Structure formats: structure tokens, C-alpha cells
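Descriptive structure summary
Spelled out from the first residue to the last, the chains are:
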Amino acid sequence: MDGLEIIAKRAEENLTVGFERIDRIAYINTERVLAAFKKHRVSEGHFASSTGYGYDDRGREVIDRIYAELFGCEAALVRHNIVNGTHALAIGLYGLLRPGDTLLSVAGKPYDTLEEVIGISGTPGNGSLADFGIGYRQVELKNGKLDFDAIGKRLDGSVKVVFVQRSKGYLDRPTLSVDAIGELVSFVKERSDAYVMVDNCYGEFTETKEPSALGADLVVGSLIKNPGGGMAECGGYLCGTAKAVELCSYRLTTVGVGGEVGATVGQNKNILKGLFYAPHSVKEALKTALFAAKVFEELGFEAEPDSSAVRHDIIQSIRLCDPDLLCAFCRGIQYASPVDSYVTPEPWDMPGYQDKVIMAAGTFTSGSSIELSADGPLRSPYTVFFQGGLTYESGKVGILSAAREVLKAQKKRAE
Ligand SMILES: *Cc1c(COP(=O)(O)O)cnc(C)c1O
């Protein structure tokens, strides 16, 4: 065994308690998924394809009911033609907010791609919420936690939506637990009629309940992340109260039509099969993240969350503190991918970003980040963010490949 293999073996020996916890959560979530499939009597007929208006698509209807069941809420809108998480979130915001209302974001700035939707960046006149006279306020986290004093002060009668992002995404902040979001729901409901809306991306199935089970009005995410299980080829979901989901269905299609139409063109089976796999796929991604944290800690780097932390999403970041090491890490992930393994990722000027960004993704589904993928902006402290790993084995191969490239780059630097 070489040095890295010894580190890997030791890491796995040290992670048994963490791995067991992840196994338990996956087992409970698998039981929940199977119970929902059973209750709603999933059968082969639900896999049938519909075209045109998609009237009476039983598969589409059963998928909505199963998501509502699993998310502990009244209703759901799960659609392959929601193009990504940003689209699903925008449907939620435009669905709930009206001119004169205020959107209050309580975990700091929402995900980058929502800035133009809200109208805090981008071109006036493009149809942002701001163009429609919808106000925006933001409360920062305090010591990594929701700042209830500050939220209470900003929560006046104009606030229609209290928005919270569960995952840290690509920010330097902790991820919120479902219980922390539950606390926010209680706090808001005691003081106001505002809807509580959650950006649930990357959080699904990392715990045994979702924020909607604790009363969040709308919980939103992407099917090419956790709940699609690596099987859904596209799509997004919105789950929540009957009222909130109905309003969103009017935004997705048209007022009056809502969610009662929409051809599924053969996607029902992938969505259901993906949901069946999701607790397991999330488990594999969580184990890959934990393994990476431990191995890179052993190599002298800082991992966030660290290898002993209880996790609430699948994102792992590692501070590499050097642009060459960041690029080396991404190369290693790419070289160990099942698709495009011969490609070498290079930093590039991505639209909307100040610094160059490097990305590694060799995925079956384009842009899918439940599959092993990594990226990072080329700025200090040169942190790589990565997530996914459809199987722990392939995740481990990828992380060791990344570690080898990093060690090689360090050695080259020392020469
Ligand atoms: C991925 C993600 C989104 C949506 O991103 P898309 O690329 O549009 O799917 C939104 N919020 C968070 C926290 C995310 O991780």
C-alpha cells in the first residue's frame, strides 16, 4: 500500500460511526419511500407516457401525491419540464408574491442565480420581482444561526414570503438543520401570515424529514440533485400547503389551468425510479463527502463540514489555499469520472462571476450534481466545493484521484 492507501484505510476505520448514522437515515427514508409507493398503489400503468395536454395522466398525479406524502404536506407539483432548481424557485416566488409585497430572505443572500429573479442584479425591465413592485429585504445569519431578533424586526405586514436557504450552497456558512427551519416556521407563524418558503436544494433525504413536515408552506428543489436519485433526467418540485402549491401551479402553466395538465412524455418512470433510489444515492454521496473530509484532513487541509460533523446537506468544501491545488483537485475528479474522463478542466470566465471558475463534472445527466462533481472560484482561500457520488465506491475512487493530483502538484511545487 502506498501512503495514500494507508490514509484511506485509516479514514474508513475512523468513519464507522459516521457511516452507521448515514446508513440508519437511508434505511428509514427507504422505508418511508416504499410505504408511500405502497399507499398510493404504484403500478406499471403509472409509467405510461402521455402527450399533448396530458389529461388524466395517472402517473403524474401519483407522483405528486407520493411527494406530498414523503414531504409531510398537503400537495406537490413535480414536473420534468421545470428546467432546474432556479426555475422551480422562481415559480415559487412569482406564485406567492404580488405587487406591493416584500420578500424577506433570512439566511443572508439567496443562491446566486436568484439575484436576477429578485432584481438585486441584472437589467431593469427584464421582468424581475422588482420590476413588478415587489420589495426585498435580507437578514444575515448571526454566528451561523438564524438571527431571530433581526428577523422579528423586519417582519412587518408587507412581508408575504419569508425565504430561507437550507444548504450553504457555495457560501461560507453552515447548512441549516430541518429543526432549525422548524423553529423559524413557528417564529414566523406566531407573528405573521407570511408564507415560509425553503430552498431545499441538496438537503433532501439527508435527514428523516423535510422542512414541510414542520410547517413550511413551500419547499422547493431540483430533480437532478438529491430527490431524482441520479435517475431523473430533468425536472424540479414544489411541495407544501394546498394553497401555496395551487398558486405555484398557476404560475407554472396558467391561472385556472394549474397542475391538471402537462404531458409527461415518458418521464414518470425515471422520476419514480429516481425517488426509489434517492435515499440510497444520498447515502452514497454523504459517505463520499465524509470520506473526502477525513482524507483531506489527514493531508493537512481544513474541511467544512469537518469529518465529525452531523450533516444536513451533501456539499463538502475543502480549503486548498492555492490555485494550483484547486485545479489539481478538479482534474483528479474529472479523470476518475465515468463520462469525459479524458478531459482536463481549465479555469474559465463564467458569466455572472467575478473570478474565474474551474469545474469538474463527468456525469451521465448533464449538470447533475448528485453525480460526483466539483468546482471552485479562483480566489483565496481557493476552496473546492464538491458533492455527489452515485456509488460510494466510485466516489472513493474520485476522491483518491483528486488527492493524488493534489499531492503531485504539491510535490512539483516543492521541487
Ligand atoms: C443548485 C441550487 C439551486 C438551483 O440551482 P440550479 O442550477 O438552477 O438547479 C438553488 N439553491 C441552492 C442552494 C442550490 O444548491
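We now turn to the structure provided with this report.

Calculation notes
- Residues numbered from 1 in each chain as written.
- Predicted model: local features only at pLDDT ≥ 70, side-chain atom pairs only at ≥ 80, totals over all residues.
- Heavy atoms only, no water.
- Helix = DSSP H or I, 4+ residues; strand = E, 2+ residues; numbered from the N terminus.
- Buried < 20%, exposed > 50% of the residue type's maximum accessible area, 1.4 Å probe, protein only.
- Contact = heavy atoms within 4.5 Å.
- Lys, Arg positive; Asp, Glu negative; His and termini not counted.
- Charge placed at Lys NZ, Arg CZ, Asp CG, Glu CD.
- Core = buried A, V, L, I, M, F, W, Y, C linked by side-chain atoms within 4.5 Å.
- Domains from an automatic or database assignment.
- Axes fitted to C-alpha atoms, helices over the stretch in contact; angles between N-to-C directions.
- Parallel < 35°, antiparallel > 145°, perpendicular 65-115°, else oblique.
- Nonpolar A, V, L, I, M, F, W, Y, C, P; charged D, E, K, R; others polar.
- Near = heavy atom within 4 Å.
- Polar contact = N/O pair within 3.5 Å; in protein donor to acceptor, adjacent residues only side chain to side chain.
- Areas by Shrake-Rupley, 256 points an atom, 1.4 Å probe, with all protein chains shown as cover.

1. What to know about the overall build of the protein chain
What the protein chain contains, in helices and strands, is 11 helices and 12 strands. Considering only C-alpha atoms, the protein chain reaches an extent of 70 × 50 × 40 Å along its principal axes. Across the 415 residues in the protein chain, those meeting the buried criterion constitute 55%. Sequence-distant contacts in the protein chain: of pairs separated by 6 or more residues, those separated by 24 or more amount to 69%. Looking at the protein chain, you have 45 positive and 54 negative side-chain charges, and the mean spots of the two groups are 2 Å apart.

2. Some thoughts on the nonpolar core
Ranked by internal contacts, the top residues of the largest apolar core, which has 92 residues, are Tyr 67, Phe 296 and Phe 329. Broken down by element, the residue count for this core peaks at 13 residues, all from helix H9 (residues 268–298). Formed jointly, this core draws a minimum of three residues from each of two domains, domain 1 (3–28 + 279–414) and domain 2 (39–275). Apart from the residues within four sequence positions on either side, Tyr 67 is in contact with Ala 76, Val 78, Leu 223, Pro 227, Tyr 237, Cys 239 and Leu 275. Within the second largest apolar cluster, 29 residues are counted, among which are Leu 77, Leu 89, Tyr 195 and Val 245.

3. Describing the packing of helix H2 (residues 16–39) against H9
Here H2 crosses H9 at 175 degrees, and the two axes come no closer than 10 Å. With respect to each other, H2 and H9 are oriented roughly antiparallel. On H9, the residues that touch Gly 18, Phe 19, Ile 22, Asp 23, Ala 26, Asn 29, Thr 30, Val 33, Leu 34 and Phe 37 of H2 are Leu 272, Leu 275, Phe 276, Pro 279, Lys 283, Leu 286, Lys 287 and Leu 290. Of the residues contributing to the contact of H2 with H9, the split by class is 12 nonpolar, 3 polar and 3 charged.

4. Focus on the site of the ligand
In the neighbourhood of the ligand, the contacting residues comprise Asn 84, Gly 85, Thr 86, Leu 89, Tyr 111, Gln 165, Asp 199, Cys 201, Tyr 202 and Lys 225. One of the side-chain N or O atoms of Thr 86 is found 2.5 Å from an oxygen atom in the ligand. In this structure, Asp 199 approaches the ligand through a side-chain N or O atom, which is 2.5 Å from a nitrogen atom. When the free accessible area of the ligand is taken as 380 Å², the share hidden by the protein chains comes to 89%. Here the shell around the ligand gets 3 residues from one element, more than from any other, and that element is helix H4 (residues 85–96). Taken together, the residues that form the shell around the ligand break down as 4 nonpolar, 4 polar and 2 charged.

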